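# Breakdown of the fold
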Amino acid sequence: MDTFDVAFERTIGHEGGYVNDPNDRGGETKFGISRRAYPTLNIQALTLAEAKDIYRRDYWALCACDEMPPLLACAVFDLAVNAGRYAAVQDLQLALGLNNDGVLGPRTMAAIRALGHGMDDMRAAVRVHAAGLERRTNAPTWAHHGRGWARRVARNLLELGL
């Protein structure tokens, strides 16, 4: 199983099936794919295989997760799915001690390449999760979704073996 498959399995375990929560800004959602992000997609008819293709193309690839150590890639991918690609890149940059402009440019990629595997990768993944949770505590929907977001981060950290 490649790193994307591992990341997808972990993330989809948090996302679940079809929901149409009036308190969710994404609106109608299935497997974490929202009507707001994909207005022309038939959300109810979306298959898991189609969702996986969307995640690989629009989240994994656009966040350059293939160029990251595995634990960091899983953390960035999950955050991108949950909070958006721009926020995930900002939190990644914050975790790496960079200016968090949300642009996945040469400085960010150089900092990623400078990471080793093992403890450096794990520390960076933990820092990405912490930055994402910190940012979400300020979201207007924290009162409604905060507990679920916090549980998601806790489960992700437990999966890291922490």
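Preceding this section is the structure that the text describes.
Described below are features of the structure shown in this document. (Residues numbered from 1 in each chain as written. Predicted model: local features only at pLDDT ≥ 70, side-chain atom pairs only at ≥ 80, totals over all residues. Heavy atoms only, no water.)

### Topic: helix α3 (residues 70-83)
The terminal C-alpha atoms of α3 lie 20 Å apart, and with 14 residues this matches the ideal 20 Å at 1.5 Å per residue to within 8%. Most of α3 is tucked away, with ten of its 14 residues classed as buried. By the burial criterion, the buried members of α3 are Leu-72, Ala-73, Cys-74, Ala-75, Val-76, Phe-77, Asp-78, Leu-79, Ala-80 and Val-81. (Helix = DSSP H or I, 4+ residues; strand = E, 2+ residues; numbered from the N terminus. Expected span 1.5 Å × (residues − 1). Buried < 20%, exposed > 50% of the residue type's maximum accessible area, 1.4 Å probe, protein only.)

### Things to note about the packing of aromatic side chains
How two aromatic rings sit relative to each other is set out by the distance from centre to centre and by the angle between their planes. Evaluation of the coordinates by the stated rule reveals seven aromatic pairs. Judged by centre distance (5.8 Å) and plane angle (80°), the rings of Tyr-55 and Phe-77 are edge-to-face. In this pair, Tyr-55 is assigned in helix α2 (residues 48-60) and Phe-77 in helix α3, connecting sequence segments 22 residues apart. Phe-77 gets classed as buried once you look at its relative accessible area, which sits at 0%. One aromatic cluster is present, built from ring pairs that chain together Phe-4, Phe-8, Tyr-55, Tyr-59, Trp-60 and Phe-77. Positioned above the aromatic ring of Tyr-59, the side-chain terminus of Arg-85 is 5.4 Å from the ring centre. (Phe/Tyr/Trp six-rings, centres within 6.5 Å; stacked < 30°, edge-to-face > 60°. Lys NZ or Arg CZ within 6 Å of the ring centre and 35° of its normal.)

### Side note on helix α4 (residues 85-95)
With eight of eleven residues buried, α4 is to be regarded as a mostly interior element. What α4 keeps buried is the set Ala-87, Ala-88, Val-89, Gln-90, Asp-91, Leu-92, Gln-93 and Ala-95. Positive phi shows up at Gly-97, right after α4, with a value of about 75°.

### As for the packing of helix α1 (residues 3-15) against α2
It is at 11 Å that the axes of α1 and α2 come closest, and there the two elements cross at 115°. α2 is crossed by α1, and the crossing has right-handed handedness. Here Thr-3, Phe-4, Asp-5, Ala-7, Phe-8, Ile-12 and Glu-15 of α1 lie close against α2, whose contacting residues are Leu-48, Ala-51, Lys-52, Tyr-55, Arg-56 and Trp-60. Grouping the amino acids of the contact of α1 with α2 by side-chain chemistry returns eight nonpolar, one polar and four charged. (Axes fitted to C-alpha atoms, helices over the stretch in contact; angles between N-to-C directions. Left-handed = near helix turned anticlockwise from the far one by under 90°. Contact = heavy atoms within 4.5 Å. Nonpolar A, V, L, I, M, F, W, Y, C, P; charged D, E, K, R; others polar.)

### Remarks on unusual backbone geometry
One non-glycine residue, Phe-31, adopts positive backbone phi at about 55°. Secondary-structure assignment places Phe-31 in the loop between β1 (29-30) and β2 (33-34).

### A word on the pattern of salt bridges
Tallying each qualifying case throughout the model produces seven salt bridges. Of the charged contacts, one joins Arg-123 and Asp-120 as a salt bridge, the two residues approaching to 3.7 Å between their closest N and O atoms. Here the residue Arg-123 and the residue Asp-120 both occupy positions in helix α6 (residues 119-136), the gap between them amounting to three residues, near one helical turn. Residues joined in a network through salt bridges with shared partners are Asp-5, Lys-52 and Arg-56. (Salt bridge = Lys/Arg side-chain N within 4 Å of Asp/Glu carboxyl O.)

### Here we look at the packing of α1 against α3
Running from amino to carboxyl end, α1 crosses α3 at an angle of 40°, the nearest separation of the two axes being 9 Å. Viewed along their axes, α1 and α3 adopt a mutual orientation that is oblique. Judged by the twist between their axes, the crossing of α1 over α3 is right-handed. Note on element contacts: α3 touches α1 through Pro-70, Ala-73, Cys-74, Phe-77, Asp-78, Val-81 and Asn-82, opposite Thr-3, Phe-4, Val-6, Ala-7, Phe-8, Arg-10, Thr-11, His-14 and Glu-15. Class assignment for the residues of the contact of α1 with α3 results in nine nonpolar, four polar and three charged. (Parallel < 35°, antiparallel > 145°, perpendicular 65-115°, else oblique.)

### Points about the state of the cysteines
This structure, assessed with the given rule, holds zero disulfides. With no disulfide of its own, Cys-63 lies closest to Cys-65 among cysteine sulfurs, the gap being 5.2 Å. For Cys-65, a relative accessible area of 1% translates into the label buried. (Disulfide = S-S within 2.5 Å.)

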